4 protein chains.
Amino acid sequence: MQVLVSNDDGVDAPGIRVLAERLAEVGKVTVVAPDRDRSGASNSLTLDQPIRALRMDNGYYRVAGTPTDCVHLALAGLLESEPDIVVSGINNAPNLGDDVIYSGTVSAAMEGRFLGLPAIAVSLATRDHIGEHYASAANAVMLLMQRLLVDPLPADTILNVNVPDLPWESIKGFEVTRLGKRHRAAPCIRDNDPRGREIWWIGPAGEVDDAGPGTDFNAVSRGYISVTPIHVDLTRFQALEKVSSWMQSLSDAIDHGEEAA
Amino acid sequence: MQVLVSNDDGVDAPGIRVLAERLAEVGKVTVVAPDRDRSGASNSLTLDQPIRALRMDNGYYRVAGTPTDCVHLALAGLLESEPDIVVSGINNAPNLGDDVIYSGTVSAAMEGRFLGLPAIAVSLATRDHIGEHYASAANAVMLLMQRLLVDPLPADTILNVNVPDLPWESIKGFEVTRLGKRHRAAPCIRDNDPRGREIWWIGPAGEVDDAGPGTDFNAVSRGYISVTPIHVDLTRFQALEKVSSWMQSLSDAIDHGEEAA
Amino acid sequence: MQVLVSNDDGVDAPGIRVLAERLAEVGKVTVVAPDRDRSGASNSLTLDQPIRALRMDNGYYRVAGTPTDCVHLALAGLLESEPDIVVSGINNAPNLGDDVIYSGTVSAAMEGRFLGLPAIAVSLATRDHIGEHYASAANAVMLLMQRLLVDPLPADTILNVNVPDLPWESIKGFEVTRLGKRHRAAPCIRDNDPRGREIWWIGPAGEVDDAGPGTDFNAVSRGYISVTPIHVDLTRFQALEKVSSWMQSLSDAIDHGEEAA
Amino acid sequence: MQVLVSNDDGVDAPGIRVLAERLAEVGKVTVVAPDRDRSGASNSLTLDQPIRALRMDNGYYRVAGTPTDCVHLALAGLLESEPDIVVSGINNAPNLGDDVIYSGTVSAAMEGRFLGLPAIAVSLATRDHIGEHYASAANAVMLLMQRLLVDPLPADTILNVNVPDLPWESIKGFEVTRLGKRHRAAPCIRDNDPRGREIWWIGPAGEVDDAGPGTDFNAVSRGYISVTPIHVDLTRFQALEKVSSWMQSLSDAIDHGEEAA
């Protein structure tokens, strides 16, 4: 089995090393990851500049680019043969609820899926980005990966996995979950730089709003590994009918040469 | 009515000016947009650096940040009162099918939705990024916006609108669509810089794969305005049951102190 | 006469517009300047990425690069015929004493000199980057330029000009100056970002140390236009003799197969 | 003895490791260097964003900033006690002649000098950035450093050292040199990116023009270690008299209320 490993914390982060070494027990692992912490990079793809990949002494590839760049470059350029699966992580903080839309960890997995491969994003639910039990998250990936390869998910689906930062034997189990919700983000923080000019910092994520039963927040807080299926097709099918009901009258506005007022 | 306008082509792009001026006929418009072309930025949010907003002579805010930064900063800091809707665009190229996951235009609208507002992303289906009929796209937004404000969509849904680059009277009508699909992206392009070092460019997007009836590709190619509802909750609900069926055996692996092998 | 104009405050800064419009009275002016404020960029040259130049509606070129990139690209690529002189500015703050080593304004002029042209860097000695009398600085450039073109300086020399922010008729005169000195820079400012992680800001420049007679600080503070000849050959000729006296004994260390200890 | 070591090739470059390990034989070494290759950064100083320093497992500090940022942060913030000297390198390519104005290696040393310390910049004269004999360059630094500490140079002077990429015993000796000159840089290289948009690459440095006796080019090409004293005061004192002769007539233009025409 061949595995492509990436992340968004950067190629030197502890989580990616634990993950790569664990996966190397069962397959050939290639690591292609950003040279810097790119948390929050989302599915950002570098279109206006070339990217560079440097092979490090330990065989990992260090890329001056985003997590999505890394996976795209690996699958559409760097690697000679196609891997069987893409695994992104182990992120040094949880990716729960609304966080996933910004997450570079999840995006790296999504890019794998776009390019045709099963993919898992995995995060350790640390506080303050300092993890102790990356090995637990690596264990969870091993189990899920084996399952995923024999029992594939639909082509537009990846798994977003969040693992409590606990020793393996203290973890209560696995739970399938939906994404929870946060309250609206805290306000931006206004400040002045040392030269007296105004700056703004994006504020912290909002407090958890919907952490009810069935959510990823809920599972992790109770000591379970949260496994959320995520789709990469953003069509909101349930809204098609409603929006469809508008179309005729809108189209009429064109036929009548009518401009909106 | 108050409207927040952003984009990913940058505050100086022609599309945002046409859009802002058209919307100003019916409401108070605030423009907060990136200082550079940030196409491909996706939902990237700048967490590790402060951002700056400069008010230009024409009243627009120029932000050294991503489209998501712009909308976030506007709604959670810069604006004194909350707008009624967020409109992102008019992008100088289509955002169809798989493109939307990378699109800064769509992401700016999603950020509006995250922060509680209805939102529309609008793109002009130009070739080569040079648009002629931005006014047609502005017209489409006017009509959709009026409808959206009286007949709101569910809280997790935005509209992704693609408008053929045609005079208003040549447009055939509106169609509600699902996202189409592209073939896998072209390979990365390997080159050497003038100093002899290897570089890679992300290759062009793949050719259209699924442009069948009902897709956004199909509507635009036939001269219709494509309106795709997009959700911002990435949970793949249809896969919950299947993944759920795995959970017991996976959890057993923990109970038995079993490590994956 | 043809003039290339650049700066480091960015192509939209007020100073560059005043300068370009004034120079257009006596020659053909081409403006090639950074798309963002690049103060502090020094002679930084972008070697690892391509740069892009966008021709704006007003004919100015906007470059996503450093001031040095702008002048280099203009002279070694963009312009069809070679200008007679390079003028960089009008900077929105003084460039005095030790500041010049970091200054993008001065560097743009140096790059012109490297590529074979006479060059002037000009700054308005504002407080807080908000200038009132850019026209005075433009006047000073006009006078110096006329002189420089008939009575050229040695090939390794440019002029660094600092103009008090006063109406033209209130300026006392021109003075030739040497660079003054600042005290050591203030300490870096340690802070935490909103996520609790340590950051550092480069502190303000040090207080003026040597502002004695003959320095640029002194001239400007007394209401004079300071004109400092700056060389682009960094050899410290006066130290050649001393360092030369070391050479024999150092070379002996090699002859004797001796390693330093 | 305490030594601050930095470079512009990045904290993971081979040259900085050889240098730091060699210097550790005679003193306490602190390494503070950029996280990426920042060749060409010149004296660029990051004023508009905060910078971050990460202490790596091996005790080196990795800074997301320029070489000048690294030395400035180390001396004005990070280090508890002041080092005795700053050494920058070992660069993986020569820094000869006009190159020094752009060089991040030389700039890191200049920043040390600005902040009051003796400083040496050292480069290995490799072809193609792949060095074999970094140990020779480390040896040269050791010898020069010992001399510099007992026999200091004037406060505005640093040493720029270029070492042939040869085994120590094959090096012919040390020579004090002036900076040579290159011909004008090659033209920029115009290209199109894969999306059909124009890009420009800064071209290679010009061929050597003045490599006559006494220049750094000459010394290195003959197998000698080139030692060039460099000043950090850019005043061109020899031109003061000439420029001075212009001042009266220029000042008259102000007195007479005369505007340049």
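Just so it is clear, the structure is predicted and the values come from calculations on it, not from any experiment. (Residues numbered from 1 in each chain as written. Chains lettered and ligands numbered in written order. Predicted model: local features only at pLDDT ≥ 70, side-chain atom pairs only at ≥ 80, totals over all residues. Heavy atoms only, no water.)

Caption draft 1: A look at the overall build of chain A. Secondary structure assignment for chain A yields six helices and 13 strands. With the principal axes as the frame, chain A shows a C-alpha extent of 65 × 55 × 45 Å. In chain A, once contacts between residues fewer than 6 apart in sequence are set aside, the share between residues at least 24 apart is 76%. Just so you have it, chain A exposes about 9,300 Å², and 48% of that area is on carbon and sulfur atoms. (Helix = DSSP H or I, 4+ residues; strand = E, 2+ residues; numbered from the N terminus. Contact = heavy atoms within 4.5 Å. Areas by Shrake-Rupley, 256 points an atom, 1.4 Å probe, with all protein chains shown as cover.)

Caption draft 2: Structural view of the interface of chain D and chain B. Facing the 15 residues of chain D at the interface are 15 residues of chain B. With both sides pooled, the region where chain D packs onto chain B buries about 1,300 Å², and carbon together with sulfur makes up 52% of that total. When the buried surface of chain D facing chain B is broken down by residue, D:Pro194, D:Arg195 and D:Trp201 rank first, second and third, together holding 36% of it. Taken together, the connections running from chain D to chain B amount to two salt bridges. Counting across the interface, chain D meets chain B through six residue pairs in polar contact (both at pLDDT 80 or more). Its residues assigned to classes, the side of chain D that touches chain B comprises seven nonpolar, two polar and six charged. (Buried area = accessible area lost by both parts, 1.4 Å probe. Salt bridge = Lys/Arg side-chain N within 4 Å of Asp/Glu carboxyl O. Polar contact = N/O pair within 3.5 Å; in protein donor to acceptor, adjacent residues only side chain to side chain. Nonpolar A, V, L, I, M, F, W, Y, C, P; charged D, E, K, R; others polar.)

Caption draft 3: Structural context of the UniProt feature "binding site: a divalent metal cation" (unreviewed entry) in chain A. All names here are of chain A. The sites that UniProt annotates as "binding site: a divalent metal cation" (unreviewed entry) are Asp8, Asp9, Ser39 and Asn91. A stretch of 84 residues holds the annotated residues, and the largest C-alpha distance among them is 9.0 Å, short enough that they meet in one place. Note on placement: serine 39 falls in the loop between β2 (28-34) and β3 (53-55). Discounting residues that sit within four places of it in the chain, serine 39 has contacts with Asp8 and Asp9. Separated by 3.4 Å, the side chains of serine 39 and aspartate 9 make a polar contact. One can find asparagine 91 in strand β5 (residues 85-91). If near-sequence neighbours (up to four positions away) are discounted, asparagine 91 is found in contact with Asp8, Asp9, Thr105, Val122, Ser123, Leu124 and Tyr134. Polar contacts involving the side chain of asparagine 91 include one to the main-chain carbonyl oxygen of alanine 93, which spans 2.8 Å. (UniProt positions renumbered as here; feature names shortened; annotations may be inferred.)

Caption draft 4: Representation of the confidence of the model for chain A. Residues of chain A with pLDDT of at least 70 account for 98%, and the chain-wide mean is 92. This prediction of the complex comes with two scores: 0.91 for pTM and 0.89 for ipTM. (pLDDT = per-residue confidence, 0-100.)

Caption draft 5: Focus on the environment of A:Val100. Structurally, A:Val100 can be placed in the loop between β5 and α3 (104-114). Taking the C-alpha atoms as reference points, A:Val100 and A:Arg197, 97 residues apart in sequence, are found 33 Å from one another. A:Val100 has contacts with A:Asn95, A:Val106, A:Asn160, A:Leu179 and B:Leu234, leaving out every residue within four places of it along the chain.

Caption draft 6: How the structure looks around the pairing of strand β13 (residues 224-231) of chain B. Residue and element names in this part refer to chain B. Burial analysis of β13 places seven of its eight residues in the buried class, which makes it a mostly covered element. As judged from the six bridges shared by strand β7 (residues 157-164) and β13, these two strands associate in the antiparallel manner. Across the sheet, the residue bridging to leucine 159 is proline 229, located in β13. Taken together, the four bridges between strand β8 (residues 173-176) and β13 define a ladder with parallel strand orientation. Bridge assignment links glycine 173 to a residue of β13, and that residue is tyrosine 224. (Buried < 20%, exposed > 50% of the residue type's maximum accessible area, 1.4 Å probe, protein only. Pairing = 2+ DSSP bridges.)

Caption draft 7: Quick look at the UniProt feature "domain: Survival protein SurE-like phosphatase/nucleotidase" (unreviewed entry) in chain A. As annotated in UniProt, the feature "domain: Survival protein SurE-like phosphatase/nucleotidase" (unreviewed entry) corresponds to residues 3-184 of chain A in the numbering used here. Between the first and last C-alpha atoms of residues 3-184 of chain A the distance is 37 Å; the span itself is 27% helix and 25% strand.

Caption draft 8: Focus on the pattern of salt bridges. Per the counting criterion, the structure on display carries 60 salt bridges over all chains. A salt bridge links A:Asp156 to B:Arg236; the nearest nitrogen and oxygen atoms lie 3.0 Å apart. Here B:Arg236 lies in the loop between β13 and α6 (240-255) and A:Asp156 lies in the loop between α4 (134-150) and β7 (157-164), a pairing that spans two chains. Of the two residues examined, A:Asp156 and B:Arg236, each falls in the buried class.

Caption draft 9: Structural detail: the packing of helix α1 (residues 14-23) of chain A against α4(A). Residue and element names in this part refer to chain A. Here α1 crosses α4 at 45°, and the two axes come no closer than 9 Å. One way to sum up the angle between α1 and α4 is to call them oblique. Where α1 crosses over α4, the two elements pack in a sense that is right-handed. Facing α1, whose interface residues are Pro14, Gly15, Val18, Leu19, Arg22 and Leu23, α4 presents Tyr134, Ala135, Ala138, Asn139, Val141, Met142 and Met145. Looking at side-chain class alone, the contact of α1 with α4 contains 10 nonpolar, two polar and one charged residues. (Axes fitted to C-alpha atoms, helices over the stretch in contact; angles between N-to-C directions. Parallel < 35°, antiparallel > 145°, perpendicular 65-115°, else oblique. Left-handed = near helix turned anticlockwise from the far one by under 90°.)

Caption draft 10: Spotlight on the packing of aromatic side chains. Evaluation of the coordinates by the stated rule reveals four aromatic pairs over all chains. With a centroid separation of 5.8 Å and 35° between ring planes, the pair formed by C:Tyr102 and D:Phe114 is classed as tilted. Of the two residues, C:Tyr102 sits in the loop between β5 (85-91) and α3 (104-114) while D:Phe114 sits in helix α3 (residues 104-114), which places them in two different chains. Take C:Tyr102 and D:Phe114: they sit in the same class, and that class is buried. (Phe/Tyr/Trp six-rings, centres within 6.5 Å; stacked < 30°, edge-to-face > 60°.)

Caption draft 11: Local environment of the state of the cysteines. Scanning the entire structure with this criterion turns up zero disulfides over all chains. The closest cysteine sulfur to the non-disulfide-bonded D:Cys188 is located on C:Cys70, 11 Å from its own sulfur. (Disulfide = S-S within 2.5 Å.)

Caption draft 12: How the structure looks around the sheet that holds strand β3 (residues 53-55) of chain B. Taken together, nine strands build an open sheet; the order of strands is β3-β4-β2-β1-β5-β6-β7-β13-β8 (chain B) and the sheet is mixed. Two strands bound the open sheet, and with one partner strand each, they are β3 and β8 of chain B. On average, adjacent strands in this sheet sit at an angle of 25° to one another, irrespective of strand direction. With four bridges connecting them, strand β1 (residues 2-6) of chain B and strand β2 (residues 28-34) of chain B associate as parallel partners. Counterpart to B:Val3 in the pairing with β2(B) is B:Val29. Along the sheet, helix α6 (residues 240-255) of chain A makes contact with β7, β8 and β13 of chain B, crossing β8(B) at roughly 175°.

Caption draft 13: Up close: the relation of the copies chain D and chain C. Overlaying chain D on chain C yields an RMSD of 0.0 Å, the required transformation being a rotation through 180° with an accompanying axial translation of 0.0 Å. Such a combination of rotation and displacement between the chain copies is what one expects of a two-fold axis. Most of the interface of chain D is mirrored in chain C: 100% of its interface residues are interface residues there too. (Least-squares fit on C-alpha atoms with pLDDT ≥ 70 in both.)

Caption draft 14: Highlighting the relation of the copies chain D and chain B. Between chain D and chain B, which share one sequence, the superposing operator has a rotation angle of 180° and an axial displacement of 0.1 Å; the RMSD is 0.0 Å. Comparing interface residues between copies, 100% of those in chain D also sit at the interface in chain B, which points to an isologous, same-surface contact.

Caption draft 15: Region of interest: helix α6 (residues 240-255) of chain D. Over its 16 residues, α6(D) runs 23 Å from end to end, which matches the ideal 22 Å to within 8%, given 1.5 Å per residue. At D:Met247, α6(D) shows its largest bend, some 35°. Along α6(D), the positions that sit buried rather than exposed are D:Val243, D:Trp246, D:Met247, D:Leu250, D:Ser251, D:Ala253 and D:Ile254. As for α6(D), its buried residues are in contact with α4 (134-150), β7 (157-164), β8 (173-176) and β13 (224-231) of chain C. (Expected span 1.5 Å × (residues − 1). Bend = angle between axes of the 7 residues up to and from the residue.)

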